[in-house]
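# Structural overview for review
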Amino acid sequence: MTSAQLQLGDSLIDALCTNEALRGALVNLEEVEALTLMRLRSELAHLGKAPVLHQAVQRLQRRVAAHCRPVSEEMPAVIPTHYRFNGLDLKLFSTLTQFTSTGDLAMSELRLEMMFPADSATKQALLTLFPTVD
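Numbers given for residues are sequential positions, taken from 1 along each chain in its written order. Where totals are concerned, whole chains, interfaces and linings use all residues; where local detail is concerned, this predicted model gives features only for residues with pLDDT of at least 70, and gives and counts side-chain atom pairs only at 80 or more. Derived side-chain values reflect all non-hydrogen atoms in the structure, with water molecules and hydrogen atoms excluded from consideration.

## With respect to the confidence of the model for the protein chain
Note the cut-off: The pLDDT value expresses, per residue, how confident the predictor is, ranging between 0 and 100. Helix and strand definitions follow DSSP, with helices as H or I runs of at least four residues and strands as E runs of at least two, each counted in order from the N terminus.
On average, residues of the protein chain score 82 in pLDDT, and 83% of them are at 70 or above. Here helix H5 (residues 105-108) is the element of the protein chain with the lowest mean pLDDT, 60, and helix H6 (residues 120-129) is the one with the highest, 93.

In structure tokens:
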């Protein structure tokens, strides 16, 4: 990945760890890394040994350990993200949805992370960038 742009099927966790353009656009990178690490540790504790999650935790642990400020132990309901690039200032928050169904193990591993505007300026900027199609 050489640009901040993500493609269909890309992992946001991988991008957070390796996409320097995306990382450079994140104003609150240290906060996002720390909160993402907390979320992944929680998922790993609930799912047991998940190699992909374990690798992501290891990568983020190294980055978060290098931060100079202490990390909160409380996990907020949402992860706030603040991006600044190409003259845009976007403040978003993400939510994570996990699908579960009795007896359907495959569904329990499916997660959907969605980003929402955190303020009216961001909402307007996104509506301008991505107008609705009639």
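## A closer look at empty space enclosed by the protein
Basically, it comes down to this: Cavities and pockets are defined on a 1 Å grid built over the protein atoms alone: a cavity is a set of grid points where a 1.4 Å probe fits but cannot escape, while a pocket is an open set with protein on both sides within 12 Å along at least five of seven lines, and lining residues are those with an atom within 4 Å of any such point. Grid points are joined across faces, edges and corners, and a volume is the space filled by probe spheres set on the points.
Scanning the model with the defined rule gives one cavity of 30 Å³ or more in all. Taken as a whole, the largest cavity spans an internal volume of roughly 140 Å³. Around the largest cavity sit 14 residues that line it, and Leu 12, Leu 16, Val 32, Thr 36 and Glu 113 are the ones nearest its centre. Listing elements by their share of the lining of the largest cavity, those giving two or more residues are helix H1 (12-18), helix H3 (29-47), strand E1 (79-85) and strand E3 (111-117).

## Quick look at the nonpolar core
Heads up, the rule is: We call a set of buried Ala, Val, Leu, Ile, Met, Phe, Trp, Tyr and Cys residues a nonpolar core when their side-chain atoms join them within 4.5 Å. Only protein chains enter the calculation, and the probe is 1.4 Å; a residue is then buried if its accessible area is under 20% of its type maximum, exposed if over 50%, and partly exposed in between. The contact criterion used throughout is that any non-hydrogen atoms of two residues lie within 4.5 Å.
Counting 23 residues, the largest nonpolar core has Leu 16, Leu 26, Leu 40, Leu 60 and Tyr 83 as its most contacted members. At the level of secondary structure, the elements contributing two or more residues to this core comprise H1, helix H2 (20-25), H3, helix H4 (51-65) and strand E2 (88-98). If you tally residues by element for this core, the top one is H3, at six residues. Contact partners of Leu 60, with chain neighbours within four places excluded, come to Leu 16, Cys 17, Glu 33, Thr 36, Leu 37 and Leu 40.

## Focus: the sheet that holds E2
Rule in force here: For two strands to be treated as a pair, DSSP must find no fewer than two bridges joining them. Note on definitions: angles span 0 to 180 degrees between N-to-C directions of axes, and those axes are lines fitted to C-alpha atoms, for helices only across the stretch in contact.
Ordered by their spatial adjacency, three strands build an open sheet running E1-E2-E3, and the pairing between neighbours is antiparallel. Pairing within the sheet leaves two strands with one partner each, and these edge strands are E1 and E3. Taking the axes of each pair of neighbouring strands and ignoring which way they run, one obtains an average angle of 30° across the sheet. In the sheet, E2 pairs with E3 via seven bridges, with the strands oriented antiparallel. Residue pairing across strands places Thr 95 opposite Met 114, the latter belonging to E3. Against the sheet, H3 touches E1, E2 and E3, its axis set at about 140° to E1. Packing against the sheet, H6 makes contact with E2 and E3, and its axis sits at approximately 90° to E2.

## Side note on the environment of Arg 41
Inspection of the secondary structure assignment puts Arg 41 in helix H3. Residue classification places Arg 41 among the partly exposed positions, given a relative accessible area of 42%. Sequence separation between Arg 41 and Ala 56 is 15 residues, and the spatial gap between their C-alpha atoms is 9.4 Å. Not counting the four nearest positions on each side in its chain, Arg 41 is found in contact with Val 57 and Gln 61.

## Re unusual backbone geometry
If you check the backbone angles, Asn 86 has positive phi at about 45° while not being a glycine. Here Asn 86 is to be found in the loop between E1 and E2. Take Asn 86: its relative accessible area is 76%, and that puts it in the exposed class.

## Some words on the side chain of Asn 19
Put simply, the test is: Under this definition, polar contacts are N or O atom pairs within 3.5 Å; protein pairs additionally need one hydrogen-donor-capable and one acceptor-capable atom, and for neighbouring residues in sequence, both atoms have to be side-chain atoms.
Along the chain, Asn 19 turns up in the loop between H1 and H2. Residue class for Asn 19 comes out buried when judged on its relative accessible area of 0%. At 3.1 Å, the side chain of Asn 19 forms a polar contact with the backbone nitrogen of Ala 21.

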